[in-house]
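# Structural overview for review
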Amino acid sequence: MTSGTTARRKLVAGNWKMNGDLAALAELDAIAAAAAAHPGVDVAICPPFTLIAAAAARTALPIGAQDCHQRASGAHTGCVSAPMLVEAGAKLAIVGHSERRADQHETDAEVQAKAEAVMAAGMTAILCVGETEAERDAGRAEDVVSAQLTGSVPAGARAERLVIAYEPVWAIGTGRTPTPDDVAAMHASIRAGLRALLGTEAEGVRILYGGSVKPSNAAELLGLPDVDGALVGGASLKAADFVPIIAAA
């Protein structure tokens, strides 16, 4: 991938979180049709583990996982490894999501190890970073995210296997929303941090915005510098909500 913003294709990835059943996979048909109608945009869906194989069998859309254990196998009850995900049909995996950093107390070192496992298995890692409300209000947002990048991005990562997703945790379900200037500033900071870590390879790494993206704000957010797509939560569960975001990209 060549350097420069124009070389980065938009990516819209849906994170279904702990939602969905086999019947919900019918939504993939309309999402796939929208992806085909907008060939300049990459579209992916990350359903629960239980739906990965069925989703991959149903659609040509890239299907991803919402987490991945850092080990390939072993005594890790309840966990799923990268080779297992590949066998199920996954092409990518989210690592370090804010909910897992908070609820499962995942550290930067664990997130880095998971990203390395994902990439070693031939998948793309969507590596999440973001600050809490308290950190934002204390004026520490960019420092926090910079530290997460430094601690989580694997050394020597290649752009074709790494995507960064910025999640302002304070803007998810709180009613507070970042301004376009807030988003642009953080994405610029992340790009600078990636350059420090990866050199020229950083120019090809896509940075997604993941703070409650919906049809009403997608066009504005996706038009900002260094916003290379979106990681979409609740709005990705229904094609009627997700397709307009694809169109905006």
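Look up a bit, the structure's there.
Below you will find a few notes about this structure. (Residues numbered from 1 in each chain as written. Predicted model: local features only at pLDDT ≥ 70, side-chain atom pairs only at ≥ 80, totals over all residues. Heavy atoms only, no water.)

Turning our attention to the overall build of the protein chain. Secondary structure assignment for the protein chain yields ten helices and eight strands. Taking 2.2 N^0.38 as the reference for a compact globule, 249 residues should give roughly 18 Å; the C-alpha atoms of the protein chain span a radius of gyration of 17 Å, in line with that estimate. Considering only C-alpha atoms, the protein chain reaches an extent of 45 × 45 × 40 Å along its principal axes. The proportion of buried residues among the 249 residues of the protein chain is 49%. Total accessible area on the protein chain is roughly 10,700 Å²; 53% of this is exposed by carbon and sulfur atoms. Looking at charge distribution, the protein chain has the averaged site of its 20 positive side-chain charges lying 4 Å from that of its 28 negative ones. (Helix = DSSP H or I, 4+ residues; strand = E, 2+ residues; numbered from the N terminus. Rg over C-alpha atoms; globule rule 2.2 N^0.38 Å. Buried < 20%, exposed > 50% of the residue type's maximum accessible area, 1.4 Å probe, protein only. Areas by Shrake-Rupley, 256 points an atom, 1.4 Å probe, with all protein chains shown as cover. Lys, Arg positive; Asp, Glu negative; His and termini not counted. Charge placed at Lys NZ, Arg CZ, Asp CG, Glu CD.)

Here we take up the packing of aromatic side chains. In total, this model carries one aromatic pair according to the counting rule given. Note on Tyr166 and Tyr209: the rings are 6.2 Å apart at their centroids and 50° apart in plane angle, and the pair reads as tilted. A residue pair is termed long-range when its members are at least 10 positions apart, and Tyr166 in strand 6 (residues 162-166) and Tyr209 in strand 7 (residues 206-209) qualify at 43 residues. Given the relative accessible area of 2%, Tyr166 is considered buried. (Phe/Tyr/Trp six-rings, centres within 6.5 Å; stacked < 30°, edge-to-face > 60°.)

What follows concerns the nonpolar core. Membership of the largest hydrophobic core comes to 64 residues, with the highest contact counts inside it found for Leu127, Val153, Ile164, Ile190 and Leu194. Ranked by the residues each element gives to this core, the list is headed by helix 8 (residues 180-198), at five residues. For Leu127, the contacting residues outside a window of four places in its chain are Val95, Arg101, Val111, Ala115, Ser152, Val153, Pro154, Leu162, Val163, Ile164 and Ala165. Core analysis: the second largest hydrophobic core is formed by twelve residues, Ile94, Ile126, Val163 and Ala165 among them. (Core = buried A, V, L, I, M, F, W, Y, C linked by side-chain atoms within 4.5 Å. Contact = heavy atoms within 4.5 Å.)

On to helix 10 (residues 239-248), then. Within the span of helix 10, buried status applies to Ala239, Phe242, Ile245 and Ile246. With its buried residues spanning 130° around the axis, helix 10 presents them on a single face. Where the residues of helix 10 are buried, they touch strand 1 (10-15), helix 1 (27-37), strand 2 (41-46), helix 9 (215-222) and strand 8 (229-232). (Arc of directions from axis to C-beta.)

Another aspect to go through is the pattern of salt bridges. For the structure on display, the rule yields 18 salt bridges. A salt bridge links Asp42 to Arg9; its shortest N-O distance comes to 2.7 Å. Taken together, the positions of Asp42 in strand 2 and Arg9 in the segment before strand 1 put the pair 33 residues apart, joining distant regions of the chain. In this structure Arg9 comes out as partly exposed when scored by relative accessible area, which is 35%. In this structure, Glu106 engages Lys114 in a salt bridge whose closest nitrogen and oxygen atoms are separated by 2.6 Å. (Salt bridge = Lys/Arg side-chain N within 4 Å of Asp/Glu carboxyl O.)

Glancing now at the environment of Val183. Relative to the helices and strands, Val183 is located in helix 8. Here the alpha-carbon distance between Val183 and Pro225, two residues 42 residues apart in the chain, equals 9.2 Å. Those residues in contact with Val183 that sit more than four places away from it in its chain are Pro178, Tyr209, Leu221, Leu224 and Val227.

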